[in-house]
Amino acid sequence: MKILITGGAGFIGSHVVRLFVNKYPDYQIFNLDKLTYAGNLDNLKDIEQKSNYHFIKGDIVDQDFVQELYHKHKFDGTIHLAAESHVDRSILNPLEFVQTNVIGTVNLLNAARDIWKENYTNKLFYHVSTDEVYGSLGNEGLFTESTAYDPHSPYSASKASSDHFVRAYHDTYGLPIVISNCSNNYGAYQFPEKLIPLFIHNIKNSKPLPVYGKGENVRDWLYVVDHARAIDLVYHQGKQGATYNIGGFNEWKNIDLIRLMCQVMDKKLNQTEGTAEKLIEFVKDRAGHDLRYAIDASKINQELGWSPSVTFEQGIELTIDWYLENTQWLDNVTSGNYQTYYETQYVKR
Ligand code: NAD
Ligand code: DAU
């Protein structure tokens, strides 16, 4: 079995690559990644020597390259995670999100369809997507697999578009596909532009914690290792053409989550209680900021028997410990261009 995993040097992708390489020694796992600012081969140091792991540097936007790659390797399946993934960056540069998330996905679909048509054996195309395609909830209700799409940010609009293309290739050409839409992930190797690693990094360095608006937006958090476990199940046991929502039934108002992180960090850093909270600064809200995301994950639970393996309290502690123990990783990714991006964001608010 030859599986192409795109975006495997990123946050979630690296956990998926690690799980597949370790759990399936008989599979050949190909990690295709452009190594953008978010892609980092240090995320895979522990498995890079394994004989069933292969790294390919390349850009999914490059149509000829993608075609050649599929024709050369005839992958049995694709797990597509490569994307521009940060909402704030999509507000600064929407076109880049259209290129990677929409055009890049269509390039992969074309190539996957072309090799599948050679003998119509199963060549599953699995698109790893987001709950943000469903838009924003009020105080009540959950996103189910049949919730209508209503994206608001350039990022979520590009992911919604790519989801539609994946379904269109199933309905039009018969390509075997599956899609999962997951809630907010947290854990090791997440680039510190996203809330949880950014705030761990800032608390550690006594830097301000920029809370958007009043901190009342709600997100549904899932430990990344549990997302990777779900992807494994969906890839192997998901119904072709189906969609699975993935989430931990774990909603947190941003400000409550931030206060929890501050308390845990004070203890870990041996600081007086309340030290980290003093760093909180309420700043200008994100444009088009979705109020609330919350996933109904009953389908994947009932059909595939998936449920999270850790509680949020366990996961957040494991995560904070990881960032405190891996200071070199954090220092490496927060040097260079990161500083320029972060300063731009911070000054603008
Ligand atoms: P990430 O930004 O950490 O990683 C993205 C990876 O894609 C990087 O390694 C990057 O180098 C690679 N990449 C970007 N453009 C590329 C291109 N043109 N060609 C090849 N590789 C390219 O993202 P993440 O948070 O790990 O998210 C992975 C996927 O999961 C995305 O599709 C995202 O939409 C989806 N998702 C993320 C979350 C979350 O909470 N982070 C939740 C649900 C779904
Ligand atoms: O829901 C799944 C999505 O979760 C994924 O599809 C995206 O790829 C991923 O980035 C994430 O999107 P969010 O926008 O929810 O994540 P982020 O970590 O950027 O922000 C989480 C919440 O925290 C959100 O309400 C905005 C707020 N926030 C974020 C940052 C970076 C702040 O208040 N301050 C900040 O500095």
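Residues numbered from 1 in each chain as written. Chains lettered and ligands numbered in written order. Predicted model: local features only at pLDDT ≥ 70, side-chain atom pairs only at ≥ 80, totals over all residues. Heavy atoms only, no water.

Novice: Just checking my understanding: could you explain the nonpolar core for this structure?
Specialist: The nonpolar side chains of soluble globular proteins are, as a tendency, buried together. By size, the foremost hydrophobic cluster in this structure holds 45 residues, and its most contacted members are Ile5, Phe20, Ile79, Tyr126 and Ile300. Those elements that provide at least two residues to this core are strand E1 (2–6), helix H1 (11–23), strand E5 (124–130), strand E6 (177–182), helix H7 (224–237), strand E10 (243–246) and helix H9 (298–304). In this structure, Tyr126 is in contact with Thr78, Ile79, His80, Val178, Ile179, Ser180, Ile231, Val234, Tyr235 and Ile246, ignoring residues within four places of it in sequence. Residues Ile200, Leu209, Trp221 and Val264 belong to the second largest nonpolar core, which totals 35 residues. (Core = buried A, V, L, I, M, F, W, Y, C linked by side-chain atoms within 4.5 Å. Buried < 20%, exposed > 50% of the residue type's maximum accessible area, 1.4 Å probe, protein only. Helix = DSSP H or I, 4+ residues; strand = E, 2+ residues; numbered from the N terminus. Contact = heavy atoms within 4.5 Å.)

Novice: Looking at this model, I keep getting lost on the site of ligand 1. Mind explaining?
Specialist: In the vicinity of ligand 1 lie 29 residues, with Ile12, Asp33, Ser85, Tyr155 and Lys159 positioned nearest. Within the backbone of Leu35, an N or O atom sits 3.5 Å from an oxygen atom of ligand 1. In this structure, Leu81 approaches ligand 1 through a main-chain N or O atom, which is 2.9 Å from an oxygen atom. For ligand 1, whose accessible area on its own is 830 Å², the fraction buried by protein is 97%. Mapped onto the shell around ligand 1, the elements with two or more residues apiece are H1, E5, helix H5 (154–173) and strand E7 (184–186). (Near = heavy atom within 4 Å. Polar contact = N/O pair within 3.5 Å; in protein donor to acceptor, adjacent residues only side chain to side chain. Areas by Shrake-Rupley, 256 points an atom, 1.4 Å probe, with all protein chains shown as cover.)

Novice: Is there a simple way to explain the packing of helix H8 (residues 254–268) against helix H10 (residues 312–325) in this structure?
Specialist: Think of two packed helices as two axes; the pair is described by the angle between the axes and how far apart they sit. The interhelical angle for the contact between H8 and H10, taken along N-to-C directions, is 55 degrees, at an axis separation of 11 Å. By the criterion of interaxial angle, the relationship of H8 to H10 is oblique. Relative to H10, H8 is oriented so that their crossing is right-handed. Where H8 approaches H10, its residues Leu257, Leu260, Met261, Val264, Met265 and Lys268 are matched on the opposing element by Phe312, Ile316, Glu317, Ile320, Asp321 and Leu324. Class assignment of the residues belonging to the contact of H8 with H10 gives a composition of nine nonpolar, no polar and three charged. (Axes fitted to C-alpha atoms, helices over the stretch in contact; angles between N-to-C directions. Parallel < 35°, antiparallel > 145°, perpendicular 65-115°, else oblique. Left-handed = near helix turned anticlockwise from the far one by under 90°. Nonpolar A, V, L, I, M, F, W, Y, C, P; charged D, E, K, R; others polar.)

Novice: Sorry if this is basic, but what is going on with the site of ligand 2 here?
Specialist: Around ligand 2 sit 24 residues, and of these Thr130, Asp131, Tyr155, Arg286 and His289 come closest. The contact in question runs from an oxygen atom of ligand 2 to an N or O atom on the backbone of Leu195, over 2.8 Å. In this structure, Tyr212 approaches ligand 2 through a main-chain N or O atom, which is 2.9 Å from an oxygen atom. Its free accessible area being 690 Å², ligand 2 has 95% of it covered by the protein chains.

Functional significance is not addressed by these values, which are geometric in nature.
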